[in-house]
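Overview (structure and organization)
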Amino acid sequence: MSAGFDVAVVGAGIFGVTAALELARRGRSVVLLDQGEIPHPDAASTDISKVIRLEYGADAFYMELMEEALAGWRALDAPAGAPLFHETGFAILSSTAMAAGSFELESFTLLGQRGHRVDRLDEAEIHRRFPAWRRGAYVDGYHNPAGGWAESGAIVRRFLSDARAAGVTVRERAGVMGLADRAGAVVGVETSAGRVEADAVVVACGAWTTTLVPELAEGLSVVGQPVLHFAPADPAPFRAPRLIPWAADIARTGWYGFCANADDVVKVANHGPGVRVDPRGPRRLPDGTEERFRAFLRGALPGLADAPRVGSRLCLYSESVDGDPWITRVPGRDGLVVAAGGSGHGFKLAPLLGGLVADAVDGRVTRFGARFAWREVGGRRFEAARFGGEGGGEGG
Ligand SMILES: Cc1cc2nc3c(=O)[nH]c(=O)nc-3n(C[C@H](O)[C@H](O)[C@H](O)COP(=O)(O)OP(=O)(O)OC[C@H]3O[C@@H](n4cnc5c(N)ncnc54)[C@H](O)[C@@H]3O)c2cc1C
(Lines give C-alpha, C1' and ligand atoms only; values in the text may rest on other atoms or scores of the structure.)
Protein backbone atom coordinates (compact mmCIF):
# COMPACT_ATOMS: atom_id res chain seq x y z
CA MET A 1 0.00 0.00 0.00
CA SER A 2 1.78 3.23 -1.18
CA ALA A 3 1.63 6.54 0.61
CA GLY A 4 0.15 7.98 -2.54
CA PHE A 5 -3.02 7.15 -4.42
CA ASP A 6 -4.83 3.92 -5.12
CA VAL A 7 -4.70 4.69 -8.85
CA ALA A 8 -2.86 7.19 -11.02
CA VAL A 9 -4.49 7.74 -14.42
CA VAL A 10 -2.18 9.22 -17.03
CA GLY A 11 -3.96 11.05 -19.86
CA ALA A 12 -7.26 12.91 -19.62
CA GLY A 13 -8.82 12.19 -22.96
CA ILE A 14 -12.11 10.26 -23.00
CA PHE A 15 -10.42 6.97 -21.97
CA GLY A 16 -8.64 8.52 -18.98
CA VAL A 17 -11.29 10.91 -17.68
CA THR A 18 -14.04 8.24 -17.74
CA ALA A 19 -11.67 5.78 -16.04
CA ALA A 20 -10.78 8.25 -13.28
CA LEU A 21 -14.47 9.02 -12.68
CA GLU A 22 -15.49 5.35 -12.47
CA LEU A 23 -12.57 4.40 -10.21
CA ALA A 24 -13.47 7.23 -7.83
CA ARG A 25 -17.10 6.08 -7.87
CA ARG A 26 -15.78 2.63 -6.87
CA GLY A 27 -14.20 4.26 -3.80
CA ARG A 28 -10.60 4.56 -4.97
CA SER A 29 -8.35 7.55 -4.34
CA VAL A 30 -7.43 8.68 -7.84
CA VAL A 31 -5.07 11.22 -9.37
CA LEU A 32 -5.61 12.18 -13.03
CA LEU A 33 -2.61 13.69 -14.79
CA ASP A 34 -2.38 15.33 -18.20
CA GLN A 35 0.61 16.90 -19.91
CA GLY A 36 -1.40 20.01 -20.78
CA GLU A 37 -4.70 21.71 -20.15
CA ILE A 38 -7.80 19.45 -20.18
CA PRO A 39 -9.22 18.97 -22.77
CA HIS A 40 -5.80 19.02 -24.40
CA PRO A 41 -5.90 20.78 -27.81
CA ASP A 42 -4.00 17.92 -29.47
CA ALA A 43 -6.02 15.11 -27.90
CA ALA A 44 -8.13 13.03 -30.30
CA SER A 45 -11.07 13.48 -27.92
CA THR A 46 -10.90 17.26 -28.26
CA ASP A 47 -13.05 18.36 -31.21
CA ILE A 48 -16.46 19.89 -31.80
CA SER A 49 -18.14 16.59 -32.56
CA LYS A 50 -17.86 12.82 -32.85
CA VAL A 51 -20.26 10.40 -34.51
CA ILE A 52 -22.28 8.13 -32.21
CA ARG A 53 -23.62 5.21 -34.27
CA LEU A 54 -24.66 1.57 -34.03
CA GLU A 55 -23.19 0.67 -37.43
CA TYR A 56 -20.31 -1.83 -37.43
CA GLY A 57 -21.00 -3.90 -40.50
CA ALA A 58 -21.55 -7.55 -39.64
CA ASP A 59 -19.74 -7.23 -36.29
CA ALA A 60 -22.53 -8.04 -33.82
CA PHE A 61 -20.16 -7.65 -30.86
CA TYR A 62 -19.73 -3.92 -31.52
CA MET A 63 -23.38 -3.36 -32.39
CA GLU A 64 -24.38 -4.93 -29.09
CA LEU A 65 -21.73 -2.88 -27.29
CA MET A 66 -23.09 0.25 -28.91
CA GLU A 67 -26.67 -0.64 -27.98
CA GLU A 68 -25.48 -0.50 -24.36
CA ALA A 69 -23.41 2.63 -24.90
CA LEU A 70 -26.32 4.38 -26.63
CA ALA A 71 -28.44 3.83 -23.54
CA GLY A 72 -25.67 5.59 -21.62
CA TRP A 73 -25.60 8.51 -24.04
CA ARG A 74 -29.39 8.87 -23.78
CA ALA A 75 -29.15 8.79 -19.98
CA LEU A 76 -26.48 11.48 -19.91
CA ASP A 77 -28.22 14.24 -18.08
CA ALA A 78 -27.30 17.64 -19.39
CA PRO A 79 -28.10 21.09 -18.12
CA ALA A 80 -31.57 22.06 -19.40
CA GLY A 81 -31.50 22.96 -23.04
CA ALA A 82 -27.81 22.23 -23.55
CA PRO A 83 -27.57 18.58 -24.49
CA LEU A 84 -24.09 17.36 -25.32
CA PHE A 85 -25.39 14.30 -27.15
CA HIS A 86 -27.69 14.99 -30.09
CA GLU A 87 -29.77 12.03 -31.25
CA THR A 88 -30.31 13.27 -34.79
CA GLY A 89 -29.97 9.80 -36.28
CA PHE A 90 -27.30 8.71 -38.78
CA ALA A 91 -27.40 8.39 -42.55
CA ILE A 92 -25.52 5.89 -44.66
CA LEU A 93 -25.40 6.90 -48.35
CA SER A 94 -24.22 4.92 -51.34
CA SER A 95 -23.60 6.12 -54.90
CA THR A 96 -24.44 2.61 -56.15
CA ALA A 97 -26.86 -0.03 -54.90
CA MET A 98 -25.54 -1.26 -51.54
CA ALA A 99 -23.47 -4.29 -52.46
CA ALA A 100 -23.46 -7.69 -50.80
CA GLY A 101 -20.63 -7.91 -48.29
CA SER A 102 -20.32 -4.15 -48.09
CA PHE A 103 -20.14 -2.38 -44.76
CA GLU A 104 -23.27 -0.49 -45.72
CA LEU A 105 -25.44 -3.51 -46.52
CA GLU A 106 -24.07 -5.65 -43.68
CA SER A 107 -24.86 -2.86 -41.22
CA PHE A 108 -28.38 -2.48 -42.67
CA THR A 109 -28.94 -6.23 -42.46
CA LEU A 110 -27.63 -6.66 -38.92
CA LEU A 111 -29.62 -3.65 -37.69
CA GLY A 112 -32.75 -5.29 -39.03
CA GLN A 113 -31.84 -8.66 -37.50
CA ARG A 114 -31.34 -6.96 -34.12
CA GLY A 115 -34.77 -5.31 -34.29
CA HIS A 116 -33.71 -1.77 -35.16
CA ARG A 117 -36.16 0.09 -37.45
CA VAL A 118 -34.23 1.89 -40.18
CA ASP A 119 -35.58 3.40 -43.40
CA ARG A 120 -33.98 2.34 -46.63
CA LEU A 121 -33.57 5.33 -48.94
CA ASP A 122 -33.56 5.56 -52.71
CA GLU A 123 -32.40 8.55 -54.73
CA ALA A 124 -35.73 10.38 -54.47
CA GLU A 125 -36.10 9.79 -50.74
CA ILE A 126 -32.51 10.93 -50.07
CA HIS A 127 -33.36 14.14 -51.91
CA ARG A 128 -36.67 14.57 -50.07
CA ARG A 129 -35.20 14.07 -46.59
CA PHE A 130 -31.74 15.55 -47.05
CA PRO A 131 -31.95 18.12 -49.90
CA ALA A 132 -28.41 19.47 -49.40
CA TRP A 133 -27.00 16.39 -51.17
CA ARG A 134 -26.41 16.75 -54.91
CA ARG A 135 -29.41 15.11 -56.55
CA GLY A 136 -28.51 11.69 -57.95
CA ALA A 137 -25.06 11.56 -56.35
CA TYR A 138 -26.33 8.88 -53.96
CA VAL A 139 -28.97 6.36 -55.01
CA ASP A 140 -29.18 3.93 -52.08
CA GLY A 141 -28.64 3.90 -48.36
CA TYR A 142 -30.64 4.18 -45.17
CA HIS A 143 -31.61 6.51 -42.37
CA ASN A 144 -31.10 5.13 -38.87
CA PRO A 145 -33.02 7.24 -36.33
CA ALA A 146 -30.81 5.88 -33.54
CA GLY A 147 -27.50 7.60 -32.86
CA GLY A 148 -26.22 10.99 -33.91
CA TRP A 149 -23.32 13.05 -32.55
CA ALA A 150 -21.73 14.23 -29.34
CA GLU A 151 -19.90 17.48 -28.55
CA SER A 152 -16.68 15.67 -27.76
CA GLY A 153 -14.56 18.39 -26.18
CA ALA A 154 -17.51 19.52 -24.06
CA ILE A 155 -18.14 15.93 -23.02
CA VAL A 156 -14.54 15.63 -21.75
CA ARG A 157 -15.03 18.86 -19.80
CA ARG A 158 -18.29 17.51 -18.38
CA PHE A 159 -16.74 14.21 -17.23
CA LEU A 160 -13.78 16.14 -15.81
CA SER A 161 -16.06 18.19 -13.58
CA ASP A 162 -17.90 14.99 -12.56
CA ALA A 163 -14.51 13.44 -11.73
CA ARG A 164 -13.51 16.42 -9.61
CA ALA A 165 -16.89 16.26 -7.83
CA ALA A 166 -16.29 12.55 -7.18
CA GLY A 167 -13.00 13.39 -5.42
CA VAL A 168 -10.47 12.84 -8.20
CA THR A 169 -7.26 14.90 -7.82
CA VAL A 170 -6.66 16.53 -11.18
CA ARG A 171 -3.21 17.70 -12.25
CA GLU A 172 -2.97 19.62 -15.51
CA ARG A 173 0.36 20.46 -17.16
CA ALA A 174 1.82 17.46 -15.34
CA GLY A 175 3.42 15.45 -18.11
CA VAL A 176 4.46 11.95 -17.08
CA MET A 177 8.01 11.25 -18.16
CA GLY A 178 8.15 7.63 -17.07
CA LEU A 179 6.70 4.90 -14.88
CA ALA A 180 8.12 4.32 -11.39
CA ASP A 181 9.21 0.72 -10.82
CA ARG A 182 10.04 -1.13 -7.62
CA ALA A 183 11.04 -4.79 -7.73
CA GLY A 184 9.47 -5.23 -11.14
CA ALA A 185 6.15 -3.66 -10.19
CA VAL A 186 4.87 -0.28 -11.30
CA VAL A 187 4.41 1.85 -8.19
CA GLY A 188 3.67 5.26 -9.63
CA VAL A 189 4.76 7.79 -12.22
CA GLU A 190 7.63 10.26 -12.63
CA THR A 191 6.74 13.83 -13.44
CA SER A 192 8.87 16.95 -13.66
CA ALA A 193 7.46 17.83 -10.24
CA GLY A 194 8.61 14.50 -8.79
CA ARG A 195 7.27 11.00 -8.27
CA VAL A 196 3.57 10.38 -7.74
CA GLU A 197 3.06 7.05 -5.97
CA ALA A 198 0.09 4.79 -6.64
CA ASP A 199 -0.80 1.12 -6.23
CA ALA A 200 -1.89 0.97 -9.84
CA VAL A 201 -1.23 3.10 -12.90
CA VAL A 202 -3.52 3.42 -15.92
CA VAL A 203 -1.81 4.72 -19.06
CA ALA A 204 -4.54 6.28 -21.24
CA CYS A 205 -2.39 8.45 -23.46
CA GLY A 206 -4.01 7.85 -26.84
CA ALA A 207 -1.54 8.35 -29.66
CA TRP A 208 1.27 8.92 -27.12
CA THR A 209 0.71 5.58 -25.32
CA THR A 210 3.73 3.65 -26.57
CA THR A 211 6.06 6.36 -25.25
CA LEU A 212 5.17 5.01 -21.77
CA VAL A 213 4.20 1.42 -22.68
CA PRO A 214 6.74 0.24 -25.29
CA GLU A 215 5.37 -3.30 -24.88
CA LEU A 216 2.56 -2.13 -27.18
CA ALA A 217 4.80 -0.85 -29.96
CA GLU A 218 3.67 -3.74 -32.17
CA GLY A 219 0.01 -3.36 -31.29
CA LEU A 220 -0.47 0.38 -31.70
CA SER A 221 0.51 2.89 -34.35
CA VAL A 222 -0.19 6.56 -34.89
CA VAL A 223 -2.05 7.79 -37.96
CA GLY A 224 -3.03 11.39 -38.67
CA GLN A 225 -6.40 12.05 -40.28
CA PRO A 226 -7.65 15.37 -41.68
CA VAL A 227 -10.69 17.21 -40.31
CA LEU A 228 -12.03 20.49 -41.72
CA HIS A 229 -14.68 22.85 -40.34
CA PHE A 230 -16.81 24.97 -42.71
CA ALA A 231 -19.13 27.92 -42.02
CA PRO A 232 -21.71 28.12 -44.84
CA ALA A 233 -23.21 31.58 -45.41
CA ASP A 234 -26.68 30.00 -45.35
CA PRO A 235 -26.51 27.25 -42.71
CA ALA A 236 -30.21 26.33 -42.87
CA PRO A 237 -29.82 23.42 -45.36
CA PHE A 238 -27.11 21.90 -43.16
CA ARG A 239 -29.03 21.95 -39.88
CA ALA A 240 -30.65 18.78 -38.53
CA PRO A 241 -32.99 17.25 -39.52
CA ARG A 242 -32.32 18.49 -43.10
CA LEU A 243 -28.80 17.17 -42.77
CA ILE A 244 -27.71 14.65 -40.13
CA PRO A 245 -24.35 12.96 -39.44
CA TRP A 246 -23.54 10.94 -42.49
CA ALA A 247 -21.21 8.47 -44.15
CA ALA A 248 -21.00 8.67 -47.97
CA ASP A 249 -19.55 5.61 -49.75
CA ILE A 250 -17.59 5.38 -46.50
CA ALA A 251 -16.04 1.95 -47.04
CA ARG A 252 -14.73 2.92 -50.48
CA THR A 253 -13.89 6.60 -50.04
CA GLY A 254 -13.71 7.35 -46.30
CA TRP A 255 -15.96 10.44 -46.43
CA TYR A 256 -18.11 11.25 -43.42
CA GLY A 257 -19.36 14.33 -41.69
CA PHE A 258 -21.88 16.14 -39.58
CA CYS A 259 -24.77 18.56 -39.57
CA ALA A 260 -24.25 22.17 -38.49
CA ASN A 261 -23.62 22.58 -34.77
CA ALA A 262 -24.94 25.36 -32.54
CA ASP A 263 -22.37 27.74 -34.10
CA ASP A 264 -23.51 26.66 -37.59
CA VAL A 265 -20.14 25.05 -38.24
CA VAL A 266 -20.19 21.89 -40.37
CA LYS A 267 -17.39 19.36 -39.82
CA VAL A 268 -16.26 17.15 -42.68
CA ALA A 269 -13.62 14.43 -42.33
CA ASN A 270 -12.03 11.65 -44.26
CA HIS A 271 -10.61 8.40 -43.21
CA GLY A 272 -8.05 7.11 -45.68
CA PRO A 273 -4.56 5.69 -45.27
CA GLY A 274 -3.75 8.86 -43.33
CA VAL A 275 -0.23 9.99 -42.49
CA ARG A 276 2.18 8.38 -40.05
CA VAL A 277 3.33 10.98 -37.54
CA ASP A 278 5.15 11.28 -34.24
CA PRO A 279 2.55 12.45 -31.67
CA ARG A 280 5.16 14.74 -30.10
CA GLY A 281 5.84 16.42 -33.46
CA PRO A 282 4.10 19.17 -35.45
CA ARG A 283 0.57 18.55 -36.75
CA ARG A 284 0.48 19.60 -40.41
CA LEU A 285 -2.28 18.76 -42.87
CA PRO A 286 -0.92 17.11 -46.03
CA ASP A 287 -0.65 19.49 -49.02
CA GLY A 288 -3.79 19.63 -51.10
CA THR A 289 -6.09 18.53 -48.29
CA GLU A 290 -8.50 21.46 -48.60
CA GLU A 291 -8.64 21.14 -52.40
CA ARG A 292 -9.42 17.44 -52.00
CA PHE A 293 -12.22 18.16 -49.54
CA ARG A 294 -13.74 20.87 -51.75
CA ALA A 295 -13.60 18.59 -54.80
CA PHE A 296 -15.55 15.97 -52.86
CA LEU A 297 -18.08 18.57 -51.65
CA ARG A 298 -18.57 19.92 -55.16
CA GLY A 299 -19.84 16.49 -56.21
CA ALA A 300 -21.73 15.69 -53.03
CA LEU A 301 -22.76 18.74 -50.94
CA PRO A 302 -22.38 21.57 -53.44
CA GLY A 303 -23.73 24.21 -51.05
CA LEU A 304 -20.72 23.64 -48.84
CA ALA A 305 -18.03 23.47 -51.52
CA ASP A 306 -17.15 27.16 -51.42
CA ALA A 307 -17.97 27.84 -47.78
CA PRO A 308 -15.23 29.50 -45.73
CA ARG A 309 -13.03 27.04 -43.86
CA VAL A 310 -13.08 28.10 -40.21
CA GLY A 311 -11.07 25.30 -38.67
CA SER A 312 -8.89 22.30 -39.37
CA ARG A 313 -6.92 19.73 -37.49
CA LEU A 314 -4.77 16.68 -38.07
CA CYS A 315 -6.30 14.38 -35.51
CA LEU A 316 -4.31 11.32 -34.48
CA TYR A 317 -5.65 7.80 -34.28
CA SER A 318 -4.17 5.51 -31.67
CA GLU A 319 -4.54 2.77 -34.23
CA SER A 320 -4.72 -0.77 -32.94
CA VAL A 321 -3.41 -3.55 -35.19
CA ASP A 322 -6.80 -5.29 -35.12
CA GLY A 323 -9.00 -2.25 -34.73
CA ASP A 324 -9.89 -3.11 -31.12
CA PRO A 325 -8.84 -0.98 -28.17
CA TRP A 326 -6.42 -2.35 -25.56
CA ILE A 327 -8.03 -2.10 -22.13
CA THR A 328 -6.01 -4.52 -20.11
CA ARG A 329 -3.35 -5.27 -17.56
CA VAL A 330 0.11 -5.48 -19.13
CA PRO A 331 1.62 -8.94 -18.59
CA GLY A 332 4.84 -8.89 -16.55
CA ARG A 333 4.21 -5.32 -15.32
CA ASP A 334 2.31 -5.66 -12.05
CA GLY A 335 0.35 -2.56 -11.28
CA LEU A 336 0.18 -1.38 -14.91
CA VAL A 337 -3.01 -1.12 -16.97
CA VAL A 338 -3.21 0.31 -20.48
CA ALA A 339 -6.34 1.88 -21.98
CA ALA A 340 -5.77 3.05 -25.56
CA GLY A 341 -6.21 2.12 -29.19
CA GLY A 342 -9.51 3.84 -29.95
CA SER A 343 -8.55 3.37 -33.60
CA GLY A 344 -10.77 6.16 -34.83
CA HIS A 345 -13.95 4.78 -33.29
CA GLY A 346 -13.43 4.87 -29.52
CA PHE A 347 -15.24 8.02 -28.46
CA LYS A 348 -18.71 6.60 -28.90
CA LEU A 349 -17.90 3.94 -26.31
CA ALA A 350 -17.53 6.65 -23.62
CA PRO A 351 -20.49 5.53 -21.44
CA LEU A 352 -18.84 2.09 -21.09
CA LEU A 353 -15.13 2.98 -21.12
CA GLY A 354 -14.79 3.89 -17.44
CA GLY A 355 -16.30 0.57 -16.36
CA LEU A 356 -14.12 -1.41 -18.78
CA VAL A 357 -10.93 0.27 -17.52
CA ALA A 358 -11.89 -0.02 -13.83
CA ASP A 359 -12.63 -3.72 -14.37
CA ALA A 360 -9.15 -4.16 -15.84
CA VAL A 361 -7.66 -2.44 -12.76
CA ASP A 362 -9.70 -4.82 -10.59
CA GLY A 363 -8.55 -7.80 -12.66
CA ARG A 364 -12.14 -8.52 -13.66
CA VAL A 365 -12.65 -9.70 -17.27
CA THR A 366 -16.23 -9.15 -18.40
CA ARG A 367 -18.09 -10.31 -21.51
CA PHE A 368 -17.21 -7.14 -23.38
CA GLY A 369 -13.83 -6.62 -21.73
CA ALA A 370 -12.48 -9.94 -22.97
CA ARG A 371 -12.14 -8.57 -26.52
CA PHE A 372 -9.92 -5.73 -25.31
CA ALA A 373 -7.70 -7.89 -23.10
CA TRP A 374 -4.00 -8.50 -23.83
CA ARG A 375 -3.63 -10.57 -27.01
CA GLU A 376 -1.05 -11.72 -29.42
CA VAL A 377 -0.49 -9.32 -32.30
CA GLY A 378 -0.48 -10.83 -35.76
CA GLY A 379 -3.90 -12.50 -35.19
CA ARG A 380 -6.90 -10.95 -36.89
CA ARG A 381 -6.08 -8.21 -39.26
CA PHE A 382 -7.19 -4.65 -38.87
CA GLU A 383 -10.33 -4.48 -41.01
CA ALA A 384 -12.41 -6.56 -38.62
CA ALA A 385 -13.82 -3.68 -36.63
CA ARG A 386 -13.96 -1.14 -39.44
CA PHE A 387 -16.12 -0.13 -42.26
CA GLY A 388 -14.32 -2.91 -44.17
CA GLY A 389 -13.37 -2.15 -47.78
CA GLU A 390 -10.19 -0.81 -49.23
CA GLY A 391 -9.08 2.85 -49.09
CA GLY A 392 -11.98 4.03 -47.07
CA GLY A 393 -12.13 3.37 -43.51
CA GLU A 394 -13.48 4.20 -40.32
CA GLY A 395 -13.70 7.66 -39.24
CA GLY A 396 -16.47 8.35 -36.89
C1 LIG B 1 -10.01 12.35 -37.07
C2 LIG B 1 -10.67 11.56 -35.98
C3 LIG B 1 -12.04 11.40 -36.02
C4 LIG B 1 -12.67 10.58 -35.08
N5 LIG B 1 -14.03 10.47 -35.14
C6 LIG B 1 -14.65 9.70 -34.22
C7 LIG B 1 -16.07 9.64 -34.21
O8 LIG B 1 -16.74 10.32 -35.01
N9 LIG B 1 -16.67 8.79 -33.31
C10 LIG B 1 -15.93 8.07 -32.43
O11 LIG B 1 -16.52 7.30 -31.66
N12 LIG B 1 -14.58 8.14 -32.38
C13 LIG B 1 -13.94 8.95 -33.25
N14 LIG B 1 -12.59 9.07 -33.21
C15 LIG B 1 -11.83 8.28 -32.23
C16 LIG B 1 -11.81 8.94 -30.87
O17 LIG B 1 -11.62 10.33 -31.01
C18 LIG B 1 -10.71 8.32 -30.04
O19 LIG B 1 -10.81 6.92 -30.05
C20 LIG B 1 -10.70 8.81 -28.59
O21 LIG B 1 -10.97 10.16 -28.51
C22 LIG B 1 -9.36 8.47 -27.96
O23 LIG B 1 -9.35 8.94 -26.65
P24 LIG B 1 -8.06 8.75 -25.75
O25 LIG B 1 -8.46 9.17 -24.38
O26 LIG B 1 -7.53 7.38 -25.96
O27 LIG B 1 -6.94 9.67 -26.37
P28 LIG B 1 -6.82 11.34 -26.41
O29 LIG B 1 -8.13 11.94 -26.48
O30 LIG B 1 -5.83 11.62 -27.47
O31 LIG B 1 -6.21 11.63 -24.97
C32 LIG B 1 -4.92 11.28 -24.59
C33 LIG B 1 -4.47 12.27 -23.52
O34 LIG B 1 -3.23 11.83 -22.98
C35 LIG B 1 -2.45 12.97 -22.68
N36 LIG B 1 -1.05 12.54 -22.58
C37 LIG B 1 -0.31 11.95 -23.57
N38 LIG B 1 0.93 11.67 -23.11
C39 LIG B 1 0.98 12.09 -21.81
C40 LIG B 1 2.00 12.05 -20.78
N41 LIG B 1 3.21 11.55 -21.01
N42 LIG B 1 1.68 12.58 -19.57
C43 LIG B 1 0.42 13.09 -19.31
N44 LIG B 1 -0.56 13.15 -20.24
C45 LIG B 1 -0.30 12.64 -21.47
C46 LIG B 1 -2.72 13.91 -23.83
O47 LIG B 1 -2.41 15.25 -23.51
C48 LIG B 1 -4.24 13.69 -24.05
O49 LIG B 1 -5.02 14.61 -23.31
C50 LIG B 1 -11.92 9.91 -34.09
C51 LIG B 1 -10.54 10.13 -34.00
C52 LIG B 1 -9.91 10.95 -34.93
C53 LIG B 1 -8.44 11.15 -34.81
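Here the residue numbering is sequential within each chain, running from 1 through the sequence in written order. Only residues with pLDDT of at least 70 are given local features in this predicted model, and only at 80 or more are side-chain atom pairs given and counted; all residues enter the totals for whole chains, interfaces and linings. To get the side-chain values, take all heavy atoms of the structure and skip hydrogens and water.

Okay, the overall build of the protein next. Check the secondary structure of the protein and you find eight helices and 20 strands. Summarising its shape, the C-alpha atoms of the protein cover approximately 65 × 40 × 40 Å along the three principal directions. Of all 396 residues assigned to the protein, the portion counted as buried reaches 59%. Residues count as neighbours in contact if any of their non-hydrogen atoms are within 4.5 Å of one another. Intrachain contacts of the protein at a sequence separation of at least 6 include 74% that bridge at least 24 residues. The charge count includes Lys and Arg as positive and Asp and Glu as negative, but it does not include His or the ends of the chains. Note on charges: their place is set at NZ of Lys, CZ of Arg, CG of Asp or CD of Glu. Computed over 43 positive and 48 negative side-chain charges, the inter-centroid distance for the protein is 2 Å. Labels follow the DSSP assignment, with helices taken as runs of H or I lasting at least four residues and strands as runs of E lasting at least two, numbered in each case from the N terminus. Partly exposed describes any residue whose relative accessible area lies between the buried limit of under 20% and the exposed limit of over 50%, with all areas from a 1.4 Å probe on protein chains only and scaled to the type maximum.

It is worth spelling out the packing of aromatic side chains at this point. How two aromatic rings sit relative to each other is set out by the distance from centre to centre and by the angle between their planes. Aromatic rings from Phe, Tyr and Trp, with only the six-membered ring used for Trp, were paired whenever their centres fell within 6.5 Å, and each pair was classed as stacked if the ring planes differed by under 30 degrees, edge-to-face if by over 60, and tilted otherwise. According to the stated counting rule, one finds 14 aromatic pairs in the structure shown. Between W246 and F296 the ring centres are 6.0 Å apart and the planes differ by 25°, which places this aromatic pair in the stacked class. Taken together, the residues W246 in strand β14 (residues 246-248) and F296 in helix α7 (residues 289-300) connect sequence positions 50 residues apart. Exposure class is identical for W246 and F296. Each is buried. A ring pair is formed by W326 and W374, whose centres lie 5.3 Å apart and whose planes are at 65°; its orientation type is edge-to-face. In this pair, W326 is assigned in strand β19 (residues 326-329) and W374 in the segment after α8 (350-361), connecting sequence segments 48 residues apart. The class of W326 is buried, set by a relative accessible area of 1%. Each member of the aromatic cluster is reached from another via a ring pair, and the members are W133, Y138, W246, W255, F293 and F296. Whether a charge sits over a ring comes down to the Lys NZ or Arg CZ being within 6 Å of the ring centre and within 35 degrees of the ring normal. Positioned above the aromatic ring of Y56 is the side chain of R53, whose terminal nitrogen or guanidinium carbon lies 4.5 Å from the ring centre.

I38 connects to P39 through a cis peptide bond whose omega is 0°. Positionally, P39 belongs in the loop between β2 (30-33) and β3 (50-52). A cis amide bond, omega 5°, links A240 with the succeeding residue P241. Checked against the element boundaries, P241 lands in the loop between β13 (220-230) and β14. A positive phi angle, close to 45°, is found at D249, a residue other than glycine. Relative to the helices and strands, D249 resides in the loop between β14 and α6 (250-253). Despite not being glycine, S343 has its phi angle at roughly 50°, a positive value. Looking at the secondary structure, you find S343 in the loop between β20 (336-340) and α8. Judged by its relative accessible area of 1%, S343 falls in the buried class.

Glancing now at the sheet that holds strand β4 (residues 85-86). Two strands pair if DSSP finds at least two bridges between them. Strand order in this open sheet of three strands is β3-β8-β4, and the pairing throughout is antiparallel. Of all the strands in the sheet, just β3 and β4 have a single pairing partner and so form its edges. As paired strands, β4 and strand β8 (residues 148-150) are joined by two bridges and run antiparallel to one another. Across the sheet, residue H86 finds its bridge partner in β8, namely W149.

Below, the discussion takes up the site of the ligand. In the region of the ligand, 35 residues are neighbours, and D34, S45, V51, C315 and K348 sit closest. Take Q35: an N or O atom from its side chain is 2.8 Å from an oxygen atom of the ligand. Polar contacts, as counted here, are pairs of nitrogen or oxygen atoms within 3.5 Å of one another; within protein the pair requires one atom able to donate a hydrogen and one able to accept it, and residues that are adjacent in sequence qualify only if both atoms are side-chain atoms. Interatomic distance of 2.6 Å between a backbone N/O atom of V51 and an oxygen atom of the ligand. At three residues, the largest contribution of residues to the shell around the ligand is made by strand β18 (residues 309-320). Neighbouring residues are identified by heavy atoms, a residue being near a molecule or strand if any of them is within 4 Å of it.

Turning next to the packing of helix α2 (residues 60-74) against α8. Inter-axis angles, ranging from 0 to 180 degrees, are taken between N-to-C directions of lines fitted to C-alpha atoms, where helices are fitted over the stretch in contact. Where α2 meets α8, the closest approach of the two axes is 7 Å, and the angle between their N-to-C directions is 110°. Judged on the interaxial angle alone, α8 and α2 are roughly perpendicular. Contacts from L65, E68, A69, G72 and W73 in α2 reach A350, P351 and L352 in α8. Its residues assigned to classes, the contact of α2 with α8 shows six nonpolar, one polar and one charged. Each angle receives one of four descriptions, namely roughly parallel if under 35 degrees, roughly antiparallel if over 145, roughly perpendicular if within 65 to 115, and oblique otherwise. Basically, the charged four are Asp, Glu, Lys and Arg, the nonpolar ten are Ala, Val, Leu, Ile, Met, Phe, Trp, Tyr, Cys and Pro, and anything else, Gly included, counts as polar.

Before going further, it helps to spend a moment on the confidence of the model for the protein. For the protein, mean pLDDT is 94; residues scoring 70 or higher make up 93% of the total. Known as pLDDT, the predictor's per-residue confidence is scaled from 0 to 100. Counting interchain partners and residues more than four positions distant, the pLDDT-below-50 stretch residues 380-396 has 72 contacts.

Glancing now at the pattern of salt bridges. Salt-bridge detection follows one rule: a side-chain nitrogen of Lys or Arg within 4 Å of a carboxyl oxygen of Asp or Glu. Within the structure shown, the criterion is met by 33 salt bridges. In this structure, the salt-bridge partner of D362 is R26, at a minimum N-O distance of 3.0 Å. Of this pair, D362 sits in the segment after α8 while R26 sits in the loop between α1 (14-25) and β2, and the two are 336 residues apart along the sequence.

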